[in-house]
Amino acid sequence: MDIEQKIDLLEEISGSNHTWPIISAKYGVENPLPPWKTSLDGLCDALDRSCSDEEESSLSFKQRRDEEDVLSATRYANLPYPENQLVSLAHSLLSRGMISKEELGDRLVAIRARLEA
Amino acid sequence: MSEHHHDHDHDHDHEKTVKPMVDEITEFEVLEIALRELCIEKGIFTAEQHRIYTEFAEQIGPTPGAKLVAKAWLDPEFKKLALTDPIEACLQVGVDWLNPTGSGTISDFHALQILEDSPTVHHVIVCCLCSCYPRPLLGNSPEWYRSPNYRRRIVRWPRPVLAEFGLEIPDNVEVRIEDSNQKHRFMVMPIRPEGTEGWSEDQLAEIVTRDCMIGVALPKPGVTTNVKTKTIPAIRPVGS
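Attention shifts here to the pattern of salt bridges. For the coordinates displayed, the defined rule picks out 25 salt bridges over all chains. Close ionic contact of Lys19(B) with Glu30(A) constitutes a salt bridge, the shortest N to O distance being 3.3 Å. In this pair, Lys19(B) is assigned in the loop between α1 (14–17) and α2 (27–41) and Glu30(A) in the loop between α2 (20–27) and α3 (37–51), connecting two distinct chains. Here Lys19(B) falls in the exposed class, since its relative accessible area comes to 59%. Across the salt bridge formed by Arg112(A) and Glu27(B), the nearest N and O atoms sit 3.6 Å from each other. Of this pair, Arg112(A) sits in helix α6 (residues 101–116) while Glu27(B) is found in helix α2, placing the two residues in two different chains. The structure contains a network of salt bridges with shared partners spanning Arg65(A), Glu68(A), Asp69(A), Arg146(B) and Arg151(B).

All names here are of chain A. Relative orientation of the contacting elements α3 and helix α5 (residues 83–95) amounts to 35°, with a least axis distance of 11 Å. For the pair α3 and α5, the sense of crossing is left-handed. Within the contact between the two elements, α3 uses Lys37, Leu40, Asp41, Leu43, Cys44 and Leu47 and α5 uses Gln85, Leu86, Leu89 and Leu93. Residue composition of the contact of α3 with α5, grouped by class: seven nonpolar, one polar and two charged.

Reading the values: rules and limits
- Counting of residues starts from 1 at the beginning of each chain's written sequence and follows it residue by residue.
- Key to labels: chains lettered from A, ligands numbered from 1, both in the order written.
- It should be noted that, the model being predicted, local features are given only for residues of pLDDT at least 70 and side-chain atom pairs only at 80 or more, the latter also being counted only at that level, while totals for whole chains, interfaces and linings use all residues.
- Calculation of side-chain values draws on the structure's entire complement of heavy atoms; hydrogens and water are dropped beforehand.
- Whenever a carboxyl oxygen of Asp or Glu lies within 4 Å of a side-chain nitrogen of Lys or Arg, that contact is scored as a salt bridge.
- Only DSSP runs of H or I with at least four residues qualify as helices, and only runs of E with at least two residues qualify as strands; both kinds are numbered from the N terminus onward.
- The rule is simple: take the accessible area with a 1.4 Å probe, protein chains only, and divide by the maximum for that residue type; under 20% is buried, over 50% is exposed, in between is partly exposed.
- Here, axes are lines fitted to C-alpha atoms. For helices the fit covers the stretch in contact, and angles between N-to-C directions go from 0 to 180 degrees.
- Less than a right angle of anticlockwise turn of the near helix away from the far helix marks a crossing as left-handed, whereas a clockwise turn marks it as right-handed.
- Residue contacts follow a heavy-atom distance rule, with two residues in contact if any of their heavy atoms lie within 4.5 Å.
- For this classification, the nonpolar set comprises Ala, Val, Leu, Ile, Met, Phe, Trp, Tyr, Cys and Pro, the charged set comprises Asp, Glu, Lys and Arg, and every other residue, Gly included, is treated as polar.

Take a look at the structure:
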């Protein structure tokens, strides 16, 4: 598995100008971190706990953090923290096939429609 | 609120009572929800587990650690307990290491050690492997603590890296770097500074900042905020 392989869907997201420093400045919001950060922390903890006893196909805590370090310094070096943490996690899950690109693509569209309804 | 008219008397300014909000749905917000929902649907974890861990992430911070240090500075018996049985001492500041989330430990945590600084030894904590950190006591780790750059360099060149945080350790003081891991966490207990004689526990706790308990700063009367440092990207990232 080449962890640094390009994933078009994530390239689009990481290329958007929706990072928190830009968005918070645009709206004059003072919070240093985006509101989804604690939910991402919860997601990582739940994932680490779930994968800690499983076989190779899952994403171990160490793999998750190692890949985040590599991807944050390379493919997603344009992103600030914690956007790089989030997109790297998505990259790791997609690379392992734990989530497919198609289902993620569909879900992104469905969620946006739901939030904008 | 540019045209806000009302005829009642009061002395507050409405324009200042409403904090600005983001009126836009970001790609990252949507991505976080999508990953979470798909993991839940695939049975990787449950929505309840996610909620419990998110609640944990929202309520933690450096206050219990600061309280523990301040209490230890004032009470020699408590200090002895903190150094010999830190898990028990943490219970007295409201942290149950064996069940911090109400749903078991976060990882396979086994041991906590509180590192007492002395006039001849200064401690600093790191996690070379990833970013293990005493979260129940100190909250979430700062961004720089997670960076490969800090992790790699603090163990090799501790004094120059501490100097980047504005902390100059005299040559006659030994610097010890403790490497954390999933099973073993550390926290620094700094020396009580001069000029704090007669202070209450709350007053003392205010100057025990997160950085003091990591070891990249020393407590000082009047200083209650953490150091701002720039995270430098890794030149040779892990795995490259």
